[in-house]
Amino acid sequence: MKNITVIGSGTMGNGIAHVLAQYNFSVSLYDINEAALEKALLTIGKNLDRQIDKGKLPSSQKQSILGKIQTYTSLEESLKTADMVIEATTENEELKLNLFRQMDQACPAHCLLATNTSSISITKIASVTSRPGKVIGMHFMNPVPIMPLVEVISGYGTTKDTLSTVMSLAKNLGKSPVMVNDYPGFIANRILMPMINEAIYSLYEGVAGVEEIDQVMKMGMAHPMGPLQLADFIGLDVCLFILKVMQSGFGNPKYAPCPLLVNMVAAGSTGAKAGEGFYTYSPNSKELIVSPRFRRQ
Ligand code: NAD
């Protein structure tokens, strides 16, 4: 496997392209938005500088890594020589199903098709292609260059060959892959999202304030970040979407999102990217400040 196409150059796509290029793959990076591609290259450059400053990468390698990434705004062009595709576009089922139909048409017959989806069924995505055996989930964690975990998710029809190729690829990228079967939320989000939802319920019911809830999990359970801060970092809209997928996928009300989460997303308070969630965020400050709405009088 030499040529890998990454579809979508946002938060996850640029991280995946970065790691692939660092480990010597030729990367074709495609996005519908030209500005997103330019931003992705800048972000990758900055993140490489950070690795160099920390002594984790020789500075001489920066240009050769960046030189391995070619950007495209034409899907067909980006897929012509692909041995594998990793899709990392917005978490929207219709969008991904459409893209997989087009990718299936445009990719060489041997090409594997992976998705970085957090919650959408791999089996459903595979079902719109003519090669369900070659479709698989490759769920990287954010930030991709730093986090070692990759959930490798087999759909109903994913073959053993595809699974072993993708497990080897993840190991060759210095990651620690874990094999998972295709059920709503996979493993990471199935365990994480109910915890975040319960933390939001604790705030909603007035059991404790934002800082106290996060402090209990940091100081008592050795979590590096409290669940409310983590929810802000992931994006409250993303948390809500994943909880709804699990609620409908399992038909179990225990996954029903807390009404406070639903309200915050409707109001646009979606966490760090929006500048406000449980905490407030400004580009010039790293200090964690509780949102005025949740401050104790
Ligand atoms: P993002 O919004 O940062 O980036 C999405 C990118 O997709 C954008 O650059 C957008 O222009 C592009 N895009 C949208 N429609 C497209 C199309 N039709 N063709 C090509 N490009 C298109 O999103 P993200 O946070 O990087 O998430 C991407 C995927 O990764 C989602 O499936 C998400 O669930 C998953 N994921 C996200 C995280 C996270 O913490 N952000 C973690 C694990 C998995």
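Further up the page is the structure itself.
Here the structure is a predicted model, which is why all the values come from computation and not from measurement.

K.L.:
I would appreciate a short explanation of the site of the ligand in the present structure.
P.N.:
As a structural note, the neighbourhood of the ligand is formed by 22 residues, with Met-12, Asp-31, Glu-91, Lys-96 and Ser-118 the closest of them. At a separation of 3.2 Å, an oxygen atom of the ligand approaches a polar backbone atom of Thr-89. Measuring from an oxygen atom of the ligand, one finds a side-chain N or O atom of Ser-118 at 2.6 Å. For the ligand, the accessible surface in isolation is 840 Å², of which the surrounding protein chains cover 80%. Residues belonging to the shell around the ligand are distributed by class as follows: 7 nonpolar, 12 polar and 3 charged.

K.L.:
Help me understand unusual backbone geometry in this model?
P.N.:
Residues other than glycine predominantly adopt negative phi, and peptide bonds predominantly adopt the trans conformation. Cis rather than trans, the peptide bond between Asn-142 and Pro-143 has omega equal to -5 degrees. Position of Pro-143 among the secondary structure elements: in the loop between strand E6 (135-140) and strand E7 (149-154).

K.L.:
Explain helix H2 (residues 34-53) to me, please; I cannot follow it from the model alone.
P.N.:
It helps to recall that an α-helix has 3.6 residues per turn; residues three or four apart then point in one direction. If you check H2, its first and last C-alpha atoms are 29 Å apart, about what 20 residues at 1.5 Å a residue would give, namely 28 Å. For H2, the complete set of buried residues consists of Ala-36, Leu-37, Ala-40, Ile-44, Gly-45, Asn-47, Leu-48, Gln-51 and Ile-52. In this structure, the buried side of H2 is in contact with helix H1 (11-22), strand E2 (26-30), helix H3 (62-67) and strand E3 (69-72). Two to three positions downstream of the cap, the backbone nitrogen of Ala-35 sits 3.0 Å from a side-chain oxygen, assigning the N-cap of H2 to Asn-33. Backbone geometry just after H2 places Gly-55 at a positive phi near 75 degrees.

K.L.:
Please clarify how the side chain of Asp-232 should be interpreted in this entry.
P.N.:
Tracing the backbone shows Asp-232 in helix H10 (residues 227-234). Among buried charged residues, Asp-232 stands out as having no salt bridge; its nearest opposite-charge side chain is Lys-273, 10 Å away. From its side chain, Asp-232 meets the backbone nitrogen of Tyr-279 in a polar contact 3.0 Å long. Residues contacting Asp-232, with those up to four places away along its chain left out, are Thr-270, Gly-271, Ala-272, Gly-277, Phe-278, Tyr-279 and Tyr-281.

K.L.:
Even after reading the chapter, I still don't get a positive patch on the surface, so can you show me in this structure?
P.N.:
Residues Lys-39, Lys-46, Arg-50, Lys-54, Lys-56 and Lys-286 make up a contiguous surface patch of positive charge. Of the residues forming the positive patch, the biggest block, 3 residues, is contributed by H2. Looking at the secondary structure, you find Lys-56 in the loop between H2 and H3.

K.L.:
Which parts of the structure should I look at to understand helix H11 (residues 236-250)?
P.N.:
In this model, H11 (15 residues) spans 21 Å end to end at C-alpha, consistent with the 21 Å of a helix rising 1.5 Å per residue. Listed in full, the buried residues belonging to H11 are Leu-236, Cys-239, Leu-240, Ile-242, Leu-243 and Met-246. All buried residues of H11 lie within an arc of 165 degrees about the axis, which places them on one face of the element. The inward-facing, buried residues of H11 abut helix H8 (188-204), H10 and helix H12 (259-266). One or two positions beyond H11, positive phi appears at Gly-251, with a value near 60 degrees.

K.L.:
What's the story with the packing of H8 against helix H9 (residues 210-221) in this structure? I'm lost.
P.N.:
The relative placement of two packed helices comes down to the angle between their axes together with the axis-to-axis distance. Relative orientation of the contacting elements H8 and H9 amounts to 140 degrees, with a least axis distance of 9 Å. Between H8 and H9, the crossing angle belongs to the class labelled oblique. Crossing angle aside, the handedness with which H8 passes H9 is right-handed. Every residue of H9 that contacts H8 at Met-195, Ala-199, Ser-202 and Leu-203 is listed here: Val-210, Ile-213 and Met-217. In the contact of H8 with H9, the residues fall into 6 nonpolar, 1 polar and no charged.

K.L.:
Could you clarify how one ought to interpret the pairing of E7 in this entry?
P.N.:
A regular strand places its side chains so that they alternate between the two faces of the sheet. With 5 of 6 residues buried, E7 lies mostly within the body of the structure. Two elements, E6 and E7, share 5 bridges in a ladder whose sense is antiparallel. Of the residues in E7, the one forming a bridge with Gly-137 is Ile-153. Of the strand pairs in this sheet, E7 and strand E8 (residues 176-181) are connected by 6 bridges, and their pairing is parallel. Bridge pairing links Ile-153 to Val-180 in E8. You can see the chain leave E7, run along helix H7 (residues 160-172) and come back into E8, and the turn it takes is right-handed.

K.L.:
I'm lost on the packing of aromatic side chains in this one. Help?
P.N.:
Describing an aromatic ring pair means giving the distance of the ring centres and the angle of the ring planes. On inspection of all chains with the given rule, the structure shows 3 aromatic pairs. Centre to centre, the rings of Tyr-201 and Tyr-204 are 6.0 Å apart; their planes meet at 75 degrees, and the pair counts as edge-to-face. With a gap of 3 residues between them, Tyr-201 and Tyr-204 both fall in helix H8, about one helical turn apart. The exposure class of Tyr-201 is partly exposed, given its relative accessible area of 22%. With a relative accessible area of 45%, Tyr-204 lands in the partly exposed category.

K.L.:
What should I look at first to understand the pairing of strand E10 (residues 285-290) in this one?
P.N.:
Relative to E10, strand E9 (residues 279-282) runs antiparallel, the two being bridged by 3 bridges. Paired with Thr-280 across the two strands is Ile-289, which belongs to E10.

Conventions we followed
- Residues numbered from 1 in each chain as written.
- Predicted model: local features only at pLDDT ≥ 70, side-chain atom pairs only at ≥ 80, totals over all residues.
- Heavy atoms only, no water.
- Near = heavy atom within 4 Å.
- Polar contact = N/O pair within 3.5 Å; in protein donor to acceptor, adjacent residues only side chain to side chain.
- Areas by Shrake-Rupley, 256 points an atom, 1.4 Å probe, with all protein chains shown as cover.
- Nonpolar A, V, L, I, M, F, W, Y, C, P; charged D, E, K, R; others polar.
- Helix = DSSP H or I, 4+ residues; strand = E, 2+ residues; numbered from the N terminus.
- Expected span 1.5 Å × (residues − 1).
- Buried < 20%, exposed > 50% of the residue type's maximum accessible area, 1.4 Å probe, protein only.
- Contact = heavy atoms within 4.5 Å.
- Lys, Arg positive; Asp, Glu negative; His and termini not counted.
- Salt bridge = Lys/Arg side-chain N within 4 Å of Asp/Glu carboxyl O.
- Patch = residues over 30% accessible without salt bridge, like charges linked within 9 Å, V, L, I, M, F, W, Y side chains within 5 Å.
- Charge placed at Lys NZ, Arg CZ, Asp CG, Glu CD.
- Arc of directions from axis to C-beta.
- Axes fitted to C-alpha atoms, helices over the stretch in contact; angles between N-to-C directions.
- Parallel < 35°, antiparallel > 145°, perpendicular 65-115°, else oblique.
- Left-handed = near helix turned anticlockwise from the far one by under 90°.
- Pairing = 2+ DSSP bridges.
- Right-handed = clockwise from strand over helix to strand, strands pointing away.
- Phe/Tyr/Trp six-rings, centres within 6.5 Å; stacked < 30°, edge-to-face > 60°.

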